[in-house]
Amino acid sequence: MSLLGSISLTSGRTLAVVAVLAVLSLLAGAFLLPRWTPRHFPRRTRHWLGRAALILVPILLVTATGALILNRSLGLVKTSGDLAALIASNVDEPVAESGGEVTIGDQPIASSSLDATFTRTEDGMLTTTWTGPISGITLPVFVIAPRDYSPTDGKTYAVIELLHGYPGEADGTTQGAHVQEALDNAIDAGIIPPTIIVVPSLSVDEEAHDCADIEDRPAVYTWSAHEIPAFVRHNFPNTSDKRDAWMLGGFSAGAYCAVWTAMRTPQTFGAAASLSGYDTQIEGQMTNLGDQYLADNTLSTMLAKRVPDGLRIYAMAAADDGAGGAPAAVKMAKAVKSPDTVTTDIPPTGGHAGPLWREHIPTMLAWWGSSDKVANALGSSPTAATARASEAYASIVPATNVTHTVRPTAPNGLVSLAVLALLSAAFVTLTWRSAGTWSAALAGDAELPSTRSRFFRLPMPRVIATLPRPAASCVTYAARLACLSAAALACAAFIGVCANMAGGFYTSWSSVAESFMEGLR
């Protein structure tokens with residue numbers, strides 16, 4: 001990877017550098033605006049280009065600073081190279097139908113190929129880069145163990161495998177959702193039995209994630225459904241091999257894959273959790289296998305057609321999630337046949353973003369522990385009564401119907417978009433046409449009327465002319481800086497709302513603020 005492509009987009013250092021550049025561009029722009037007027041550059045082209053640069057550069061840098069903060073919270077892209085690849089993958093020509101899904105099967109795996117050496121990340125997770133012996137996929141795998149975990153502690157551990165979404169990565173998603181903290185708290189409170197969590201990367205290339213083994217594509221189903229469970233049992237020998245002690249969960253696109261994979265692998269997974277998932281796949285190569293394939297692999301259809309075997313599913317999505325997670329949860333609940341079960345959890349707001357998932361990881365764990373199937377599979381103390389009495393379990397909002405609405409003043413609402421568009425236009429116009437003429441020299445200029453041009457519409461108050469020159473200079477500079485800063489912030493917010501409306505992440509300003517605070521840590 002080139003030096004330019006290896007720039008980290010999640011590090012505090014990168015954020016600090018871009019933030020400093022943004023501040024310097026504002027300070028320099030406010031200083032140079034009165035020096036880039038028609039009086040100094042009579043040629044219109046030089047004047048327009050110069051003033052445009054003085055306004056545009058701060059806008060871009062302030063926008064980049066905000067984007068980096070949110071990216072640190074959501075963990076969407078790690079490097080500038082990843083960002084370039086993501087952009088390229090979204091502007092490429094549509095991919096034609098592929099040859100279809102292939103069946104590899106659960107082949108025997110030699111024990112020697114399962115060995116792995118782990119290191120510990122700054123956040124306390126165990127990590128290794130491992131190659132699946134059947135799929136050939138080489139990717140990072142992260143393991144979150146309870147704080148007192150030991151392979152020789154005499155306990156038998158349950159396992160939760162979590163699948164991240166797209167764009168996104170395994171470590172960024174789990175760190176942003178505070179999974180380690182939620183796991184430790186749930187075990188300490190007796191809400192779930194001893195459990196470890198494994199989070200494999202699914203980023204086999206720059207394309208959106210697959211769930212299935214597809215011809216001429218990396219075998220992602222084999223990787224997540226067969227190789228990762230074998231990897232966990234080998235490297236953590238005190239984990240259970242019983243179905244009821246294993247749950248497969250996921251976020252967004254990973255949520256669809258989690259339920260799809262759990263239904264396809266009943267010998268391994270007794271439960272599945274969908275956090276803001278879909279009913280029909282909307283990303284990856286599965287969408288290129290034809291309408292009939294997509295219809296057959298719609299989760300509600302699969303639930304209705306499968307032979308029920310006691311699979312438990314937790315389906316959580318906010319009612320205002322524009323990606324359709326809440327209707328998907330309701331459809332699954334209506335299609336399920338006993339003894340399979342679907343528990344819907346439809347909070348009224350939350351969108352499709354990290355703050356919602358962070359809030360509902362404890363709920364997911366409480367739901368999992370609310371059945372003694374898990375504890376019985378481990379031979380550990382029952383957890384159902386404690387889990388059902390917990391605050392997290394009580395927060396579940398079941399629903400049988402859902403109506404998607406968008407609040408006009410939300411970060412994805414038309415009123416917010418219109419207000420920010422007007423503010424952006426107003427402050428950019430004010431900065432362009434007037435702020436550059438606010439200076440102590442002009443304020444005290446006896447020939448002020450003759451210096452007016454069509455760019456000089458709002459002169460500074462005459463009272464500034466009565467101030468000493470240093471004080472007047474400070475006041476006019478502060479006014480220019482305030483005007484330029486307001487233009488940059490308004491435009492950055494407008495760009496952010498446009499991106500949010502396209503991506504469908506945030507539906508409340510409080511969740512935006514929460515992500516900002518998380519990204520600044």
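Residues numbered from 1 in each chain as written. Predicted model: local features only at pLDDT ≥ 70, side-chain atom pairs only at ≥ 80, totals over all residues. Heavy atoms only, no water.

Visitor: Outline the overall build of the protein chain, supporting the account with residue identities and numerical values.
Guide: Looking only at helices and strands, the protein chain has 19 helices and 9 strands in total. Counting all 521 residues of the protein chain, 52% fall into the buried class. A separation threshold of at least 6 residues defines the contact pool for the protein chain, and within that pool the share at least 24 residues apart is 76%. Accessible area for the protein chain stands at about 22,600 Å²; split by element, carbon and sulfur atoms hold 61% of it. (Helix = DSSP H or I, 4+ residues; strand = E, 2+ residues; numbered from the N terminus. Buried < 20%, exposed > 50% of the residue type's maximum accessible area, 1.4 Å probe, protein only. Contact = heavy atoms within 4.5 Å. Areas by Shrake-Rupley, 256 points an atom, 1.4 Å probe, with all protein chains shown as cover.)

Visitor: I'd like to hear about helix α5 (residues 179–188), residue by residue, with values.
Guide: Of all the positions in α5, only V179, A182, L183, D184, A186 and I187 are classed as buried. Note on α5: the residue one or two positions beyond its end, G190, has a positive phi of about 75 degrees.

Visitor: Any chance you could break down the nonpolar core for me, citing the residues and the numbers?
Guide: If you look at the biggest cluster of nonpolar residues, it comprises 98 residues, and the most contacted ones within it are I196, V232, W260, I361 and W368. Non-local contacts of V232, meaning those with residues more than four positions away in its chain, are made with V159, I196, V198, T239 and W246. In this structure, A22, I59, V62 and L484 belong to the second largest nonpolar core, which totals 10 residues. (Core = buried A, V, L, I, M, F, W, Y, C linked by side-chain atoms within 4.5 Å.)

Visitor: Residues and numbers for the packing of aromatic side chains, please.
Guide: All chains considered together, the criterion is met by 10 aromatic pairs. Geometrically, the ring pair formed by Y221 and W260 is edge-to-face, given 5.8 Å between the ring centres and 85 degrees between the ring planes. One end of the pair, Y221, is in helix α6 (residues 220–235); the other, W260, is in helix α7 (residues 253–264), and 39 residues separate them in sequence. You'll find Y221 and W260 in the same group, each marked buried. In this arrangement the basic side chain of R233 is found over the ring face of W246, its NZ or CZ atom lying 4.7 Å from the centre. (Phe/Tyr/Trp six-rings, centres within 6.5 Å; stacked < 30°, edge-to-face > 60°. Lys NZ or Arg CZ within 6 Å of the ring centre and 35° of its normal.)

Visitor: For helix α19 (residues 509–519), give the residues involved together with the corresponding values.
Guide: Regarding α19, the residues found buried are S511, V512, S515, E518 and G519. For α19, the angular spread of the buried residues around the axis is 125 degrees, confining them to a single face. Of the exposed residues in α19, those oriented more than 90 degrees away from the buried face are S510 and M517. (Arc of directions from axis to C-beta.)

Visitor: Would you mind going over the environment of G168 in detail, with residue names and values included?
Guide: For G168, the position within the fold is in the loop between β4 (158–163) and α4 (170–176). Spatially, the C-alpha atoms of G168 and F251 are 9.8 Å apart, while their sequence positions differ by 83 residues. Aside from chain neighbours lying at most four places away, what touches G168 is G75, L76 and S203.

Visitor: Summarise the packing of α5 against helix α11 (residues 354–369); cite the residues concerned and give the values.
Guide: Close contact between α5 and α11 brings their axes to 9 Å; oriented N to C, the two are set at 35 degrees. For α5 against α11, the interelement crossing comes out right-handed. In contact with V179, A182, L183 and A186 of α5, α11 contributes I361, P362 and L365. In the contact of α5 with α11, the residues fall into 7 nonpolar, no polar and no charged. (Axes fitted to C-alpha atoms, helices over the stretch in contact; angles between N-to-C directions. Left-handed = near helix turned anticlockwise from the far one by under 90°. Nonpolar A, V, L, I, M, F, W, Y, C, P; charged D, E, K, R; others polar.)

Visitor: I'd like a description of the sheet that holds strand β7 (residues 271–275), backed by residues and values.
Guide: With mixed pairing, 9 strands are arranged side by side in an open sheet as β1-β2-β3-β5-β4-β6-β7-β8-β9. Whereas interior strands pair on both sides, the edge strands pair on one side only; in this sheet they are β1 (119–120) and β9 (341–345). When strand β8 (residues 312–316) meets β9, the two strands line up parallel, connected through 5 bridges. Each residue of the ladder has a partner; that of I313, found in β9, is V342. Of the strands in this sheet, β8 and β9 are in contact with helix α10 (residues 325–335), which crosses β9 at around 150 degrees. (Pairing = 2+ DSSP bridges.)

Visitor: Would you mind going over the pairing of strand β5 (residues 195–200) in detail, with residue names and values included?
Guide: Note on strand geometry: in a regular strand, side chains alternate between the two faces of the sheet. Most of β5 is tucked away: 6 of the 6 residues are buried. Every second residue of β5 is oriented toward a common face, with T195, I197 and V199 on one face and I196, V198 and P200 on the other, all of them buried. Two elements, strand β3 (residues 138–144) and β5, share 4 bridges in a ladder whose sense is antiparallel. Bridge pairing links F142 to V199 in β5. Alignment of β4 against β5, held across 4 bridges, turns out to be parallel. Within the sheet, the bridge partner assigned to I160 lies in β5 and is I197.

Visitor: So what's going on with the layout of surface pockets? Which residues, and what values?
Guide: Remark: the empty space left among the atoms is shown by a probe the size of a water molecule rolled over them. Each pocket or cavity is described by its volume, and for the second largest pocket that value is around 660 Å³. If you trace the second largest pocket, you find 23 residues lining it, with D123, D171, G172, Q175 and G176 closest to the centre. Those elements that place two or more of their residues in the lining of the second largest pocket are α2 (44–74), α4, α5 and α19. By residue number, the principal contributor to the lining of the second largest pocket is α4, which donates 5 residues. Of the residues in the lining of the second largest pocket, the class split is 3 nonpolar, 11 polar and 9 charged. (1 Å grid on protein atoms, 1.4 Å probe; cavity = no way out; pocket = protein on both sides within 12 Å on 5 of 7 lines; lining within 4 Å. Points joined across faces, edges and corners; volume = space filled by probe spheres on them.)

What is shown is where atoms sit, not what they do.
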